[in-house]
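In case you want the letters, here they are:
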Amino acid sequence: MWTLGAPQTLQQPPSFLPNQFHHPTFFPAQQRAPLKLRPSVATYTSVASSNNNPLIQSLCKKGNLKEAIRVLSREPNPTQHTYELLILACARKNSLSDGLTVHRHLVDDGFDQDSFLGTKLINMYSELDSIEYGRQVFDKISDRTIFVWNALFRALSLAGQGEEVLNLYRWMNQIGVPSDRFTYTYVLKACVAYESPFPLLQKGKEIHAHILRHGYEGHVHIMTTLVDMYARFGCVRYANSVFTEMPVKNVVSWSAMIACLAKNGKAFEALELFREMMLETHDLPPNSVTMVSVLQACAALAALDQGKLIHGYILRKGLDSILPVSSALVTMYAKCGKLELGREIFDKMDKRDVVSWNSMISSYGIYGFGRQAIQAFEEMIYKGVSPSPISFVSVLGACSHAGLVKEGKVLFKSMVKEHEIYPTVEHYACMVDLLGRANQLEEAAKLIEDMRTEPGPTVWGSLLGACRIHCNVELAEKASQRLFELEPTNAGNYVLLADIYTEAKMWEEVKRVKKLLEARGLQKVPGRSWIEIRRKTYSFTSVDEFNPHIEQIHALLLKISAEMKEKGYVPETNVVLYDLDAEEKERVVLGHSEKLAVAFGLINSSKGDTIRVTKNLRLCEDCHSVTKFISKFTNREILVRDVNRFHHFKDGVCSCGDYW
């Protein structure tokens, strides 16, 4: 663990780059301009007396970079401002070759120690994705101002080199260079840009302490970045503590906290905070970033009515033309059970980027419409939009939900062969899920064995989930053993293994797993479901005895259960891991959160209204059977979105075809 200690005298910056980036000459030989002798004043008096700086600056502003560089070669005394405009023009033109040319002239003219131009050069190389040259600029400057340090910190963070930022920051503190408000924002961002399997939460906390010690807690930008950092680590409590104590909040602060809640499983709280923002900040209207997070919260809760209200606000404020907002609207409507409205918005978009296409592809996927997802994926490529890694996660997930094994294999192979995208653990997890659901478990296990990197909990979790579907005890034990090592505190893995043992009637093993859970002080994540009635969202937990509506709900469910039993229904109580008698297990199953939410919807909605429910876990087999029955005998359409996909129940049939 590193500390922010007392200043020490160090002569050279720590070297984190390959040796070739520290060669005595600034550029490789093939990139250095040939040595040119300056014309003598006596010989070229007329040239020397001519000032080309205004002309060069004008050419840069007009975008005529090539001509500006040509005139530069005839100017004996270029100014700092001239070089500033030349550097900015190179970045705007996205021309690394011109940038290197200007840089060589700058060094020849003696500006290599100019910290102001050094900052501009580092920014230029960052924009040109050539951070190694930016680092060379930093290394060559002997008197580095905080602006030079900040420029490099920013460039390295954007390049995902968080480790180097943190090492340089430690060294900066050791030599006594004081941080400013920009320094803190860059090093906090570096904590989440660190490409390491281990979270850097502790280092983020140390920087937080440094901020407090130096009196920067009143700076809204720094504290907002702190909120965002804690949010990315899933530390909602820490983020909320920082947000609550902020003396001044701007729209970015509110947006960061709303996003923190929406992305960390607290969608209900995100909508509440948005309402609070609208009431308290009349002079701070929400921006497009705020609206994306709010739409994500509506999608998570399947809060269609609230989503429509937000959509109306977006239209009134003219935010619907912003691509991330339009993409979020597509996803929101799809996740609220209105795929056709999501498609309508998608079709009306004037411009679509890869995020927009991914929204549409993943929307088809959660409905189990695999072929439509593949068609959208192919259309995207035909329209000239290159797929991203997320595109493949979306389309492979769609293949998995639809059982399109052959098509999924073809897409997986095309990643490297056609698109030069190398599969990550997320893509392997999709393939394991695809093969596992189709009961090709041995092939799924072989795929894991052939991986060049550590599979990780996502991949092993996909295999364990597939083993539960097909009750494969041998592979389940292998997968769970790795998961217990990788995620020792994830109770869900123990519960899945216990479910598999229960299905296999291996009661002693069930007891052993339950003892492991108890010994490690772990508890199963409680099932929770949400339903929206008249623009208000209601939440239910499994066996929710304290809900004010529980007696009325239980009475209805008991009546439905009795009618179902007359038609041959037998409750599937194998999901209950407790040592209870059959009647008590039946009562537990009847109290599952999605059944409570569906019953509440039947009681409080009008005849013919579609019931929409969202659940935080996978829909269990018994709830699936009961909901099919309810849809048939109440003549209602019921949409249930679980953690994996949508289930559209109508006339006693589910859209998943009992494949989920």
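See the structure above.
Residues numbered from 1 in each chain as written. Predicted model: local features only at pLDDT ≥ 70, side-chain atom pairs only at ≥ 80, totals over all residues. Heavy atoms only, no water.

**A few points about the packing of aromatic side chains**
- The tally for this structure, following the rule as stated, stands at 18 aromatic pairs.
- On the numbers, 5.4 Å between centres and 65° between planes, the contact of Tyr-83 with Phe-111 is edge-to-face. With Tyr-83 in helix α4 (residues 80–93) and Phe-111 in the loop between α5 (96–108) and α6 (115–127), the pair connects residues that are 28 residues apart, well separated along the chain.
- Here Tyr-83 falls in the buried class, since its relative accessible area comes to 0%.
- Owing to a relative accessible area of 17%, Phe-111 belongs among the buried residues under this scheme.
- Ring plane angle 55° and centroid distance 5.2 Å describe the contact between Phe-540 and Phe-600, whose orientation is recorded as tilted. Here Phe-540, found in strand β2 (residues 536–541), pairs with Phe-600, found in helix α32 (residues 593–604); they are 60 residues apart in sequence, far enough to count as distant. Note on accessibility: Phe-540 and Phe-600 belong to one class, buried. (Phe/Tyr/Trp six-rings, centres within 6.5 Å; stacked < 30°, edge-to-face > 60°. Helix = DSSP H or I, 4+ residues; strand = E, 2+ residues; numbered from the N terminus. Buried < 20%, exposed > 50% of the residue type's maximum accessible area, 1.4 Å probe, protein only.)

**Overview of the sheet that holds strand β1 (residues 528–533)**
- With respect to topology, 6 strands assemble into an open sheet ordered β2-β1-β3-β4-β5-β6, the strand pairing being mixed. The sheet is open, and its two borders are formed by β2 and β6 (653–654), each paired with just one other strand.
- In this sheet, β6 lies alongside strand β5 (residues 646–650) in antiparallel orientation, the contact comprising 2 bridges. Following the sheet pairing, Lys-650 is matched in β6 by Val-653. (Pairing = 2+ DSSP bridges.)

**Overview of the packing of helix α13 (residues 236–245) against helix α14 (residues 251–263)**
- Here α13 crosses α14 at 160°, and the two axes come no closer than 10 Å. Classed by the angle they form, the pair α13 and α14 counts as roughly antiparallel. At the point where α13 passes α14, the crossing takes the left-handed sense. Each of Val-236, Ala-239, Asn-240 and Phe-243 in α13 lies in contact with α14, whose residues at this interface are Ser-253, Trp-254, Met-257, Cys-260 and Leu-261.
- The residue inventory of the contact of α13 with α14, partitioned by class, reads 7 nonpolar, 2 polar and no charged. (Axes fitted to C-alpha atoms, helices over the stretch in contact; angles between N-to-C directions. Parallel < 35°, antiparallel > 145°, perpendicular 65-115°, else oblique. Left-handed = near helix turned anticlockwise from the far one by under 90°. Contact = heavy atoms within 4.5 Å. Nonpolar A, V, L, I, M, F, W, Y, C, P; charged D, E, K, R; others polar.)

**Overview of the pairing of strand β4 (residues 638–641)**
- Of the two faces of β4, both are covered, the one formed by Ile-638 and Val-640 as well as the one formed by Leu-639 and Arg-641.
- Judged from the 4 bridges that link them, strand β3 (residues 611–615) and β4 form a sheet pairing that is parallel. Counted as the bridge partner of Arg-612 is Leu-639 from β4.
- Taking the sense of rotation as the criterion, the β-α-β connection linking β3, helix α33 (residues 621–633) and β4 turns out right-handed.
- In this structure, β4 lies alongside β5, joined through 4 bridges in antiparallel fashion. Paired with Ile-638 across the strands is Phe-649, a residue of β5.
- What sits between β4 and β5 in their antiparallel hairpin is a turn of 4 residues. (Right-handed = clockwise from strand over helix to strand, strands pointing away.)

**Structural notes on unusual backbone geometry**
- One non-glycine residue, Glu-420, lies in positive phi territory at about 55°.
- Looking at the element boundaries, Glu-420 is found in the loop between α23 (405–419) and α24 (425–437).
- Phi is positive for Arg-535, close to 65°, though the residue is something other than glycine.
- Relative to the elements of secondary structure, Arg-535 occurs in the loop between β1 and β2.
- Of the residues examined, Arg-535 reaches a relative accessible area of 52% and is grouped as exposed.

**Comments concerning the side chain of Ser-363**
- Counting through the fold element by element, Ser-363 comes out in helix α20 (residues 354–366).
- We classify Ser-363 as buried; its relative accessible area is 2%.
- Residues within four places of Ser-363 in sequence aside, it is in contact with Val-330, Thr-331, Ala-334 and Leu-339.

**Regarding the pattern of salt bridges**
- Applying the stated criterion across every chain yields a total of 28 salt bridges.
- The shortest N-O distance in the salt bridge between Arg-371 and Glu-407 comes to 3.1 Å. Of this pair, Arg-371 sits in helix α21 (residues 370–382) while Glu-407 sits in helix α23, and the two are 36 residues apart along the sequence.
- Looking at Arg-371, the relative accessible area reads 52%, which means it is exposed.
- Lys-565 is the partner of Glu-586 in a salt bridge, and the nearest nitrogen-oxygen pair spans 2.2 Å. (Salt bridge = Lys/Arg side-chain N within 4 Å of Asp/Glu carboxyl O.)

**Examining the environment of Asn-644**
- Mapped onto the fold, Asn-644 is located in the loop between β4 and β5.
- For the pair formed by Asn-644 and Thr-145, sequence separation is 499 residues and the distance between their alpha carbons is 52 Å.

**Focus on the packing of helix α26 (residues 456–470) against helix α27 (residues 473–486)**
- With their axes 9 Å apart at the nearest point, α26 and α27 run at an angle of 150° to one another. Considered as vectors, α26 and α27 are oriented roughly antiparallel to each other. Classified by chirality, the crossing of α27 by α26 is left-handed. Facing α26, whose interface residues are Gly-456, Pro-457, Trp-460, Gly-461, Leu-463, Leu-464 and Cys-467, α27 presents Leu-475, Ala-476, Lys-478, Ala-479, Ser-480, Arg-482, Leu-483 and Leu-486.

**Observations concerning the pairing of β2**
- Of the strand pairs in this sheet, β1 and β2 are connected by 6 bridges, and their pairing is antiparallel. Across the sheet, Glu-532 pairs through a bridge with Thr-537, a residue of β2.
- Hairpin connection from β1 to β2: 2 residues lie between these consecutive antiparallel strands, with Arg-534 at a positive phi of about 50°.

**Topic: the state of the cysteines**
- Taken as a whole and assessed by the stated rule, the structure comprises 0 disulfides.
- There is no disulfide at Cys-620, and the cysteine sulfur nearest it, in Cys-623, is 3.5 Å away.
- The exposure class of Cys-620 is buried, given its relative accessible area of 7%. (Disulfide = S-S within 2.5 Å.)

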